[in-house]
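An overview of the molecular structure
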Amino acid sequence: MTVCRPFADAPARRDGWSGEAGFAFVSLALFDLSGKTALVTGSSRGLGLAIARGLGAAGARVIVNGVDTGNVDAAVQTLSAAGVEVIPAPFDVTDREAVADAFARFDAQGIDIDILVNNAGVVRRAPMVDVTPEEWSWIIDVNLTAPFLIGRLAAERMMARGKGGKIINMGSLTSGLARPTVGPYAVTKAGIAMLTRAMAAEWAQHGLQINAIGPGYMQTDLNRPLMEDAAFSAWVGARTPARRWGRPDELVGASIFLASEASSFVNGQIIYVDGGITATV
């Protein structure tokens, strides 16, 4: 499908652009992920599963990850039924040995990861004075250390292949805004914003694009207690310019964009998919 065609006789290019100046018509092939393999951590449910489904619909082969093998198997069945090519990879993102073993298996099986989505995350809702050092370390390990370690393993392989690659980190509206009772979580998501910039600063020269998505309040199992809290849900509706909670599938567009050639000159950025919360006071 042609979106714009100011120069009808321009020679075609494989990447979806045509013309000497790099612009003559834009093809939706820019968003095609056919032939690409995407590892989405924490993709056995919630936002990760929605993103995995979206990347698969755009043509990618998806590696489904989670700690619970039952959830991973269920996600594989769901995605397979939707026509997505799926590879199960159950492992704990905080278990460094398990992560290294997973990447060793990918190497041995000839599986090249073209797209990494660092989605796995946890939250502990409590005043910071009630958060134990063990809980703090757990949240840091899952939300920030794991994206660094897995991102590094993926990037090393992407750079060695010399064909570029995409890394998408999962931020939050708390990447830029604090809120009571989720202090450690907010700290990790602010760290994700800077980790994304740091990765881009070092790896963009190798053809990698590293960006982040910052979801707002989304309808997920993790947020179900908040959704069922009438007062809090009313606050979300009043605080969000869109006047509602977001749906997991509403992250798909940003995910496909950042995973595709359409974002080939986008680096170190965070795209907020939050109904406008971070744009208002």
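Residues numbered from 1 in each chain as written. Predicted model: local features only at pLDDT ≥ 70, side-chain atom pairs only at ≥ 80, totals over all residues. Heavy atoms only, no water.

Details of the pattern of salt bridges
Condition: We define a salt bridge as a side-chain nitrogen of Lys or Arg found within 4 Å of a carboxyl oxygen belonging to Asp or Glu. Elements are defined by DSSP. Helices are runs of H or I of four residues or more, strands are runs of E of two residues or more, and each kind is numbered from the N terminus. Only protein chains enter the accessibility calculation, which uses a 1.4 Å probe; a residue whose area is less than 20% of its type maximum is buried, one above 50% is exposed, and one in between is partly exposed.
All told, the structure shown has 9 salt bridges when counted by the stated rule. Salt-bridge contacts for glutamate 85 lead to arginine 61; the nearest nitrogen and oxygen are separated by 4.0 Å. Of this pair, glutamate 85 sits in the loop between α2 (69-81) and β5 (86-90) while arginine 61 sits in strand β4 (residues 61-66), and the two are 24 residues apart along the sequence. A relative accessible area of 51% means that glutamate 85 is categorised as exposed. Judged by its relative accessible area of 22%, arginine 61 falls in the partly exposed class. A salt bridge links aspartate 114 to arginine 161; the nearest nitrogen and oxygen atoms lie 3.9 Å apart. Of the two residues, aspartate 114 sits in the loop between α3 (96-108) and β6 (115-118) while arginine 161 sits in helix α4 (residues 133-161), which places them 47 residues apart along the sequence.

Some remarks on empty space enclosed by the protein
Stated precisely, the cut-off is as follows: A cavity here means a set of points on a 1 Å grid, drawn over the protein atoms and nothing else, where a 1.4 Å probe fits but cannot get out; a pocket is an open set with protein on both sides within 12 Å along at least five of seven lines, and a residue lines either one if it has an atom within 4 Å of a point. Grid points are joined across faces, edges and corners, and a volume is the space filled by probe spheres set on the points. Nonpolar residues are Ala, Val, Leu, Ile, Met, Phe, Trp, Tyr, Cys and Pro. Charged residues are Asp, Glu, Lys and Arg, and all others, Gly as well, are polar.
Here the structure, examined in full by the defined rule, presents 1 cavity of 30 Å³ or more. Of the pockets and cavities examined, the largest cavity occupies roughly 40 Å³. As for the largest cavity, its lining consists of Thr41, Val93, Asn118, Asn119, Ala120, Val142, Ala146, Pro147 and Ile150. Sort the elements by how many residues they give to the lining of the largest cavity and α4 lands first, with 4 residues. Considering only residue class, the lining of the largest cavity consists of 6 nonpolar, 3 polar and no charged.

Quick word on the sheet that holds strand β7 (residues 165-170)
The condition is simple: Here, strands pair whenever DSSP counts at least two bridges between them. The axes are straight lines fitted to the C-alpha atoms, using for helices just the contacting stretch, and the angles between their N-to-C directions are given from 0 to 180°. Contact between two residues is taken to exist if any of their heavy atoms lie within 4.5 Å; hydrogens are not considered.
Read across the open sheet, the 7 strands follow the order β5-β4-β3-β6-β7-β8-β9; overall the sheet is parallel. This sheet does not close on itself; its edge strands, each paired only once, are β5 and β9 (270-273). For this sheet, the mean inter-axis angle between neighbouring strands, taken without regard to orientation, is 20°. As paired elements, strand β3 (residues 37-40) and β6 share 3 bridges and run parallel to each other. The residue of β6 that forms the bridge with alanine 38 is isoleucine 115. Its contacts with the sheet put α2 on β4 and β5, and the angle it makes with β5 is roughly 170°. Across the sheet, helix α5 (residues 183-203) is in contact with β7 and β8 (208-215); its angle to β8 comes to roughly 165°.

Points about the packing of helix α1 (residues 46-57) against helix α8 (residues 252-259)
Test applied: Working definition: roughly parallel below 35 degrees, roughly antiparallel above 145 degrees, roughly perpendicular at 65 to 115 degrees, and oblique for all remaining angles. For any helix crossing, the convention is left-handed if the near helix is rotated counterclockwise from the far helix by under a right angle, and right-handed if that rotation is clockwise.
For the pair α1 and α8, interaxial distance at closest approach is 9 Å and the crossing angle is 55°. On the basis of the axis angle, α1 is oblique to α8. Like other packed secondary-structure pairs, α1 and α8 cross with a definite hand, here right-handed. Of α8, the residues touching α1 (which contributes Ala50, Ile51, Gly54 and Leu55) are Val252, Ser255, Ile256 and Ala259.

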